[in-house]
Amino acid sequence: MRTSRRIAAAALAAAMIAGLSACAPESSSPSASPDGEPVAGGDATIILGIEAVRGLDPAFLFNLTPSGDANRMSAIYDVLFWSDAKTGEVTPQLGESLEPNDDGTEWTLTLNEGITFTDGTPLDAEAVVFNYERIQDPATGSPLAGLLEGASFTVADDTSLTIALPEPNLQFDRVLATSLTHIASPTAIENDADFANNPVGAGPFVLEEWVRDDHMTLVRNEDYFKEGEPYLDSITFTPIKDPTQRINTVSTGQAHAAVPGSELSFKESATGSGLEVTSAPTGGGPLLMFNVENAPFDDVRARKAVQLALDINDLTAVVDPGSSAPESFYAPDSAFFPSESMFVQPDKDAAQELFDELAADGKAVSFAITMPASGFFTRTAEYLQSRLSQFDNVSVTIDTVDNATLDERVFRNRDYQLSAQIVPVGDPEPNFAKLLQTGGQTNYMGYSNPEVDAALESARNSTDEGERGDAYATVEQIIVDEVPVLLVRNQEAYTVHATALNGLTLHGDGSLLYDRLWLAAP
Amino acid sequence: MTVLQRERARVSNIRPRSHTLHRLRSIGGRALHLVAVLVLVTLAGTALTDLMPGSPASIILGPTASDEAIAALNAEYGYDQPLLLRYLQWLGNAITGDLGVSIQSNQPVVEVLLQRLPVTLELTVLALLLSLAIAIPAAVYAASRENSMFDRIVSGLASGFMSVPVFVIGVLLVYVLGVATRWFPVAGWAPLSSGLAENLHFVFVPVLALALGEFPAFYRLLRSDVISTLREDFVQTATVRGMPRGYILRRHVLRPSSFSLITVAAVAFGRLLAGSVVVESLFALPGLGSLALQSIPAKDIPMIQGIVVLVAVTYVLINAVVDATYALLDPRMRRI
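Residues numbered from 1 in each chain as written. Chains lettered and ligands numbered in written order. Predicted model: local features only at pLDDT ≥ 70, side-chain atom pairs only at ≥ 80, totals over all residues.

## Digging into the overall build of chain B
Which entries qualify depends on this criterion: For the purposes of this entry, the term helix denotes a DSSP run of H or I that reaches at least four residues, the term strand denotes a run of E that reaches at least two, and both are numbered from the N terminus. The globule rule is 2.2 Å times the number of residues to the power 0.38, and the radius of gyration it is compared with is taken over C-alpha atoms. The exposure label follows from counting other C-beta atoms within 10 Å of a residue's C-beta, where the C-beta atoms are placed from the backbone and the thresholds are 20 or more for buried and 12 or fewer for exposed, leaving partly exposed in between. Residue pairs are scored as contacts if the distance between their C-beta atoms, which are placed from the backbone, is within 7 Å.
If you tally the helices and strands in chain B, you get 14 helices and zero strands. For chain B, the α and β elements follow one another from N to C terminus as α-α-α-α-α-α-α-α-α-α-α-α-α-α. Computed over C-alpha atoms, the radius of gyration of chain B comes to 25 Å, more than 25% over the 20 Å expected from 2.2 N^0.38 for 336 residues, which places it beyond the range of a compact globule. Along the first, second and third principal axes, the C-alpha set of chain B runs to 85 × 65 × 35 Å. Buried residues in chain B amount to 36% of all 336 residues. Counting contacts in chain B only where the partners sit at least 6 residues apart, residues at least 24 apart contribute 71% of the total.

## Details of the overall build of chain A
Looking only at helices and strands, chain A features 15 helices and 21 strands. Over its C-alpha atoms chain A spans a radius of gyration of 25 Å, differing by no more than 12% from the 24 Å that the globule rule assigns to 522 residues. Overall size of chain A, expressed as C-alpha extent along the three principal axes, is 80 × 75 × 50 Å. Taking the intrachain contacts of chain A between residues at least 6 apart in sequence as the baseline, contacts between residues at least 24 apart amount to 67%.

## Topic: the packing of helix 8 (residues 300–309) of chain A against helix 10 (residues 348–360) of chain A
A pair of packed helices is captured by two measures, namely the crossing angle of their axes and the spacing between those axes. Residues and elements named next belong to chain A. The condition is simple: Here, axes are lines fitted to C-alpha atoms. For helices the fit covers the stretch in contact, and angles between N-to-C directions go from 0 to 180 degrees. Here is the rule for angles: anything less than 35 degrees is roughly parallel, anything more than 145 is roughly antiparallel, 65 through 115 is roughly perpendicular, and the remaining ranges are oblique. Definitions for this section: a left-handed crossing has its near helix turned counterclockwise from the far helix by less than a right angle. A right-handed crossing has that turn clockwise.
Between helix 8 and helix 10, whose axes approach to 8 Å, the crossing angle comes to 155°. Relative to helix 10, the element helix 8 is oriented roughly antiparallel. Along this stretch, helix 8 crosses helix 10, giving a crossing that reads as left-handed. Contact with helix 8, carried on its side by R301, A302, K304, A305, L308 and A309, involves K348, A350, A351, L354, F355, E357 and L358 of helix 10 and no other residues of that element.

## So, the interface of chain B and chain A
Where we set the bar: Three classes are used, and their members are as follows: Ala, Val, Leu, Ile, Met, Phe, Trp, Tyr, Cys and Pro are nonpolar, Asp, Glu, Lys and Arg are charged, and the others, Gly among them, are polar.
With 39 residues of chain B at the contact, the number on the chain A side is 43 residues. Per element, the largest residue contribution to the side of chain B that touches chain A is six residues, and it comes from helix 8 (residues 196–230) of chain B. Looking at the side of chain B that touches chain A residue by residue, the class counts come to 23 nonpolar, 13 polar and three charged.

## Points about the sheet that holds strand 4 (residues 95–100) of chain A
Residue and element names in this part refer to chain A. In plain terms, the rule: A pair of strands counts as paired when DSSP detects no fewer than two bridges linking them.
Taken in spatial order, the four strands line up as 4-5-7-6 in an open sheet, and their pairing is antiparallel. Single-partner strands in this sheet number two, and they are strand 4 and strand 6 (152–157). Within the sheet, the average angular offset between the axes of one strand and its neighbour, ignoring direction, is 20°. Relative to strand 7 (residues 160–164), strand 6 runs antiparallel, the two sharing five bridges. Bridge pairing links S152 to A164 in strand 7.

## Focus on the confidence of the model for chain A
Note the threshold: On a range of 0 to 100, pLDDT expresses the predictor's confidence in each residue.
On average, residues of chain A score 88 in pLDDT, and 93% of them reach the 70 mark or higher. Here residues 1–34 of chain A scores under 50 on pLDDT; set against residues more than four positions off or in separate chains, the count is 39 contacts.

## Things to note about the pairing of strand 15 (residues 418–425) of chain A
Residue and element names in this part refer to chain A. Strand 15 sits mainly inside the fold: six of its eight residues count as buried. Judged from the eight bridges that link them, strand 12 (residues 276–290) and strand 15 form a sheet pairing that is antiparallel. Bridge assignment links G285 to a residue of strand 15, and that residue is V423.

## Focus: the pairing of strand 7 of chain A
Residues and elements named next belong to chain A. Taking every second residue as pointing to the same face, the buried face of strand 7 carries L161 and I163, while none of S160, T162 and A164 on the other face is buried. Pairing geometry for strand 5 (residues 106–111) and strand 7, over five bridges, is antiparallel. Following the sheet pairing, T108 is matched in strand 7 by T162. Hairpin connection between strand 6 and strand 7: a loop of two residues separates the two successive antiparallel strands.

## Quick notes on the packing of helix 8 of chain B against helix 10 (residues 245–257) of chain B
Residues and elements named next belong to chain B. The contact between helix 8 and helix 10 brings their axes to 9 Å, and the two run at 125°. Looking at the two axes, helix 8 sits oblique to helix 10. The hand of the helix 8/helix 10 crossing is right-handed. Between helix 8 and helix 10, the contacting residues are L222, D225, V226, T229 and L230 on the first element and V253, P256 and S257 on the second. The residue inventory of the contact of helix 8 with helix 10, partitioned by class, reads five nonpolar, two polar and one charged.

## Looking at the domain arrangement of chain B
One frequent convention defines the size of an interface as the accessible area lost when the parts assemble. Residue and element names in this part refer to chain B. Worth spelling out the cut-off: Domain segmentation is taken from an automatic or database assignment of domains.
Structurally, chain B comprises domain 1 (22–95) and domain 2 (115–333). At the interface, 16 residues of domain 1 touch eleven residues of domain 2. When contributions to the side of domain 1 that touches domain 2 are tallied by element, the ones reaching two or more residues are helix 1 (3–51), helix 2 (56–61) and helix 4 (83–95). The leading source of residues in the side of domain 1 that touches domain 2 is helix 1, at ten residues. Here the side of domain 1 that touches domain 2 is composed, by residue class, of nine nonpolar, six polar and one charged.

## Some thoughts on the confidence of the model for chain B
With 91% of its residues at a pLDDT of at least 70, chain B reaches an overall mean of 83. Scoring the predicted complex yields pTM 0.84 and, for the interface, ipTM 0.78.

## Points about helix 10 of chain A
All names here are of chain A. Our working definition: An expected span of 1.5 Å times one less than the residue number is assigned to each helix. Picture the helix axis, draw a direction to every C-beta atom, and the arc is the one those directions span.
Helix length check: helix 10 (13 residues) gives 18 Å between terminal C-alpha atoms against 18 Å at 1.5 Å per residue, within 8%. If you check which residues of helix 10 are buried, you get A351, L354 and F355. Seen along its axis, helix 10 keeps its buried residues to an arc of 100°; they face one direction. Summarising the geometry of helix 10, the exposed residues directed more than 90 degrees from the buried face are D349 and A360.

## Quick notes on unusual backbone geometry
Residue P296(A) is reached from A295(A) by a cis peptide bond, and omega for that bond is 0°. Along the chain, P296(A) falls in the loop between strand 12 and helix 8. A cis amide bond links E429(A) with the next residue in sequence, P430(A), at an omega value of 0°. The phi torsion at D78(A) lies on the positive side, around 60°, for a residue other than glycine. With respect to the element layout, D78(A) can be found in the loop between helix 2 (69–77) and strand 2 (81–83). At A284(B), a position not held by glycine, the phi torsion is positive, near 50°.

## Topic: helix 11 (residues 375–388) of chain A
An α-helix turns once every 3.6 residues. As a result, residues three or four positions apart point the same way. Residue and element names in this part refer to chain A. For helix 11, with 14 residues, the first-to-last C-alpha span of 20 Å sits near the 20 Å given by 1.5 Å per residue. Among the residues of helix 11, those classed as buried are F376, F377, T380, A381, L384, R387 and L388. In an axial view of helix 11, the angular spread of the buried residues amounts to 145°, which keeps them on one side of the axis. Contacts from the buried residues of helix 11 go to strand 12, helix 8, helix 9 (312–319), strand 13 (365–372), strand 14 (394–401) and strand 15.

This is the structure in structure tokens:
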């Protein structure tokens, strides 16, 4: 009895010591490249924020958040076209060209020749149409269906098709390059009921192994359409919920790159740990949404009062240190950035006057902030509550909800008063327009202004940058005056990575392009 | 035959029969108990998910879905049925071992649970062993030298660790053992199939974080129980008879002092199994905790029910094991 106990104790001790002395697995590294030219080989580990719980079906790309599915889909399906995360500029990849007719009612999409999915079937015009018609089909229940509502497709030959839109849209290429850019094998979709968990694309990598909440290993697609690419032998995605831990794994050499999420304060801690940051500062960002259909924010004075009461510079410093207050909805280096700052200086006296005026009219400003339970949003809600409570005739409560409730209450039923969402604006099309036009996909405020609609419409159907600039300046002025939304921080998509990882290109809302990633020797 | 011998013969004759009967009755009782607990717990689990706002279909289809699409999907999964009917349907399937399919990932619930259980089980067992390995020698030693320097230091440490939440301990350990020294990985998991050394290398820091949170309760309990046992007459007798101190502590004191410890350790085992959510999430371990964290906000009802069943069964089984352990430790318990 006693002997066996001793053996057990010794075994436990030995096991612990073995654990102590074991070393982290070393990833194989390619040979050195002194001139900075890409080299082939190497296995990269990339840390994301959330697991692809529902699988990887391109028809269910809910949002383009790089910490989730958009990164995985980019590796497996690649992109027909990609939009630069910073400028919104559209560049071909699997596709060869995407050209509109004169009025933007018809777009001709041409594919590169000879591309095959990893199951050997061709990625041709028929395959693209199959994917798009599947998204349109109400039976699919795709959240992207609205983007293709009323569109019809005609296959011209193996590599080209035309997309006829119900309304002119000269910016449709930006929509396609962000939300409709991943194409899956029709054969795999038709034959495999569990296709979402066994995705088949024509991208640079092929799914090899997937242990949920642990790792997803992708290996090089030997038949990838670009000669010599991808450079890496394999990519492993690992989900880690805690953003600090995501950066820790990279700084300790356990992983090569991580997507820290929406908070910008992690950028500083990453550079402090000697890591590189590849980023794409854009316009837009986290914004407060006022429900203009419900009291108290159906009265523009209430929205204006909140705008004047808040010092956004102070808010950014408190809520997300290292970020800044945006001067415009458009990125500082975009063609649409205004010559004068659109930032509204806080004016506490004016705000108090408005609050008093509303109270005198029997419309005292009393509202709930409905926010998701995540760090940035929770802190924003607490900040708003503490600062607005300093005014008379204002009362603020916080209603913290989970994402499912947020979906239902705010995004679907619009049963809220003040909430928030993040809208990155590279080019104002499509995100800015979706947010502000009447009935726009992310216009959860219920905001409607014919003047804004007309300006967005004219900007959409003009290729003249000056004309677009005037229209977007008009929109921004109206938004600053009427305050259906209030920007609270600048936006920047970024990926933290080890110096050895090169070739990072951010597309969409900040996902990587995987054909061009390469690893230098340590 | 003396009176004593006759009495012994009588006892030895009747004991086996009543013993067997008693055993059968106790096993039957326990099985009934298990069934009752499982029914109540899973029913409560279903009812609670029902109270959560939002329907599973609206979560699956996202904010842009139409009301008709949501109604159709709810009907497909049967979520438009009354609670009790849904529960009975689920129960019928569960009895045949079919816990359904995750409405999020489409994977069979049983398969997912079997994949996750080993991770959480390893974490729990190692954390419990490590915390006991710290608590037992420290408690016995401290109790035998009450109010000594050692006693005061370890009791202070125990109070300290008891008042620090596990996520703080976890973050500190990550910093010290991962980021600063790089002795251990900061997060992640290596299954046993990739080698024991590799597996322990990944699991050590999370295990330590849990163990440091658990050991104070064990330590304080055992220390006070040992102190009171040391005041018992038989210990005094053993001491007077000149038995070595260490021998008395190991052979005479530890065993009668460990009843409360075993009960508390068993409860801790159940709690760790169901509730190491924080540690699993901090260290990105693919166990039951992260699964629960993912399934509950997503209203993945079949998965939540599966986790509830698994945890409830484990709890009841652990209690049975604890009862059996009492009998091992104290022969008197076998006759009661």
